[in-house]
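# Geometric and topological summary
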Amino acid sequence: MNGLITLSPEQFARFATFIYERTGIRTADGKVMLLSNRIRRRLRARGLDSFDAYYDLLLADQEGDELEAFVDAITTNETHFFRTSAHFDWVAGPFLDELTAAAAGRRRDRTLRIWSAACSTGEEAYSLAMCLTEQAGRLAGWRLSVLGTDLCGEALATARAGTYGHRAVEAVSPERLARHFTADPAAGTWKVRSPAARLCEFRRHNLLDPMLEPPFSLIVVRNVLIYFDRESKRLALANLIAALEPGGYLLVGTTDGGSEHLSELERRSTFAYRKP
Ligand SMILES: C[S@@+](CC[C@H](N)C(=O)[O-])C[C@H]1O[C@@H](n2cnc3c(N)ncnc32)[C@H](O)[C@@H]1O
């Protein structure tokens, strides 16, 4: 297939609807070239020479393997460690202050479950785990865990491996690099070390589906709702709120929007919302 061929308007509309129904992601009309390029990767992988043939294959995919590969191809997985450092300062500061005070006053137990929702390749989940291990003194005796989830299987495989290149760690201070990573200078990689690594677990999950897990004290959702429209934002946020424990916090990315769906939460800052 000629690499320059792009989706026709009808094909674009069909794929965009397919993507929206399965992921909540709205593909803007101007993204024809981007979407064509991303889908062409799957055509090549499956030895097909037309977008229509690939669409038929996707619809007939009973096992869901091609759907998974398609999602891998079309998602934007850009992320890095300690992205938006103010959010991590808040977790290590005001959030843990409130939590540890509540535990000291016997108003809660010493279990802290964090969910990095749409974690991509895992940097966000590991950054949260690093914040916790740096506060080991005041979290002594606590049961700590960080769950990272995403729709993209390829991204989750990277997260589980926990090994990153230079760009991912650019915003990490030299102290943190030394404390939490094992460098491999020959390969130019950094591998996340325990105890932070041990706290993290990664699993596939679609934000449009309810989370069937015990409730979380903190849920972080950043740089994903920007791809959703109003209805998929509403659904995803309702699922996230339902997964929060009473008194738990939802941390929403500064550009994600969706504040109109958070009225049942108390707004504590520009990005932190508390479930009453
Ligand atoms: C740009 S990354 C954000 C990563 C990280 N949260 C951050 O802020 O750096 C967006 C991620 O959302 C994931 N995603 C998109 N739609 C999703 C859905 N419906 N359910 C779960 N994850 C989704 C993509 O696979 C991608 O990895």
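Attention shifts here to the site of the ligand. Neighbouring the ligand are 24 residues; T75, T79, A118, S120 and N223 lie closest to it. Broken down by class, the residue content of the shell around the ligand amounts to nine nonpolar, ten polar and five charged. When residues are assigned to domains, the shell around the ligand turns out to be shared by domain 1 (9-74) and domain 2 (85-274), each giving three or more.

With that settled, consider the domain arrangement of the protein. Along its sequence, the protein is carved into domain 1 (9-74) and domain 2 (85-274). The C-alpha-based centres of domain 1 and domain 2 are spaced at 30 Å. Contacts between the two partners involve seven residues from domain 1 and, on the opposite side, twelve residues from domain 2. For the side of domain 1 that touches domain 2, a count of residues per class yields two nonpolar, two polar and three charged.

Right, let's get into the packing of helix 2 (residues 32-46) against helix 4 (residues 65-74). At a minimum axis separation of 9 Å, helix 2 and helix 4 run at an interaxial angle of 145 degrees. Of the two elements, helix 2 crosses helix 4, and the hand of that crossing is right-handed. Note on element contacts: helix 4 touches helix 2 through A69, F70, A73 and I74, opposite R38, I39, R41 and R42.

To continue, consider helix 1 (residues 9-23). Between its first and last C-alpha, helix 1 extends 21 Å over 15 residues, near the 21 Å set by a 1.5 Å rise per residue. What helix 1 keeps buried is the set F15, I19 and T23. All buried residues of helix 1 lie within an arc of 40 degrees about the axis, which places them on one face of the element. Those residues of helix 1 that are exposed and angled more than 90 degrees off the buried face are P9, E10, T17 and E21. In this fold, the buried residues of helix 1 make contact with helix 2, helix 3 (51-60) and helix 4. Phi for G24, located one or two positions after helix 1, is positive at around 85 degrees.

What follows covers the packing of helix 2 against helix 3. Contact pair helix 2 / helix 3: the axes reach a minimum separation of 10 Å and the direction vectors enclose 80 degrees. Overall, the two elements helix 2 and helix 3 adopt an arrangement that is roughly perpendicular. Residue-level inspection shows I39, R42, L43 and R46 of helix 2 in contact with helix 3, the latter providing F51, Y54 and L57. Residue classes in the contact of helix 2 with helix 3 are distributed as five nonpolar, no polar and two charged.

Each value, and the rule that gives it
Residues numbered from 1 in each chain as written. Predicted model: local features only at pLDDT ≥ 70, side-chain atom pairs only at ≥ 80, totals over all residues. Near = placed C-beta within 6 Å. Nonpolar A, V, L, I, M, F, W, Y, C, P; charged D, E, K, R; others polar. Domains from an automatic or database assignment. Contact = placed C-beta atoms within 7 Å. Axes fitted to C-alpha atoms, helices over the stretch in contact; angles between N-to-C directions. Helix = DSSP H or I, 4+ residues; strand = E, 2+ residues; numbered from the N terminus. Left-handed = near helix turned anticlockwise from the far one by under 90°. Expected span 1.5 Å × (residues − 1). Buried ≥ 20, exposed ≤ 12 C-beta atoms within 10 Å, placed from the backbone. Arc of directions from axis to C-beta. Parallel < 35°, antiparallel > 145°, perpendicular 65-115°, else oblique.

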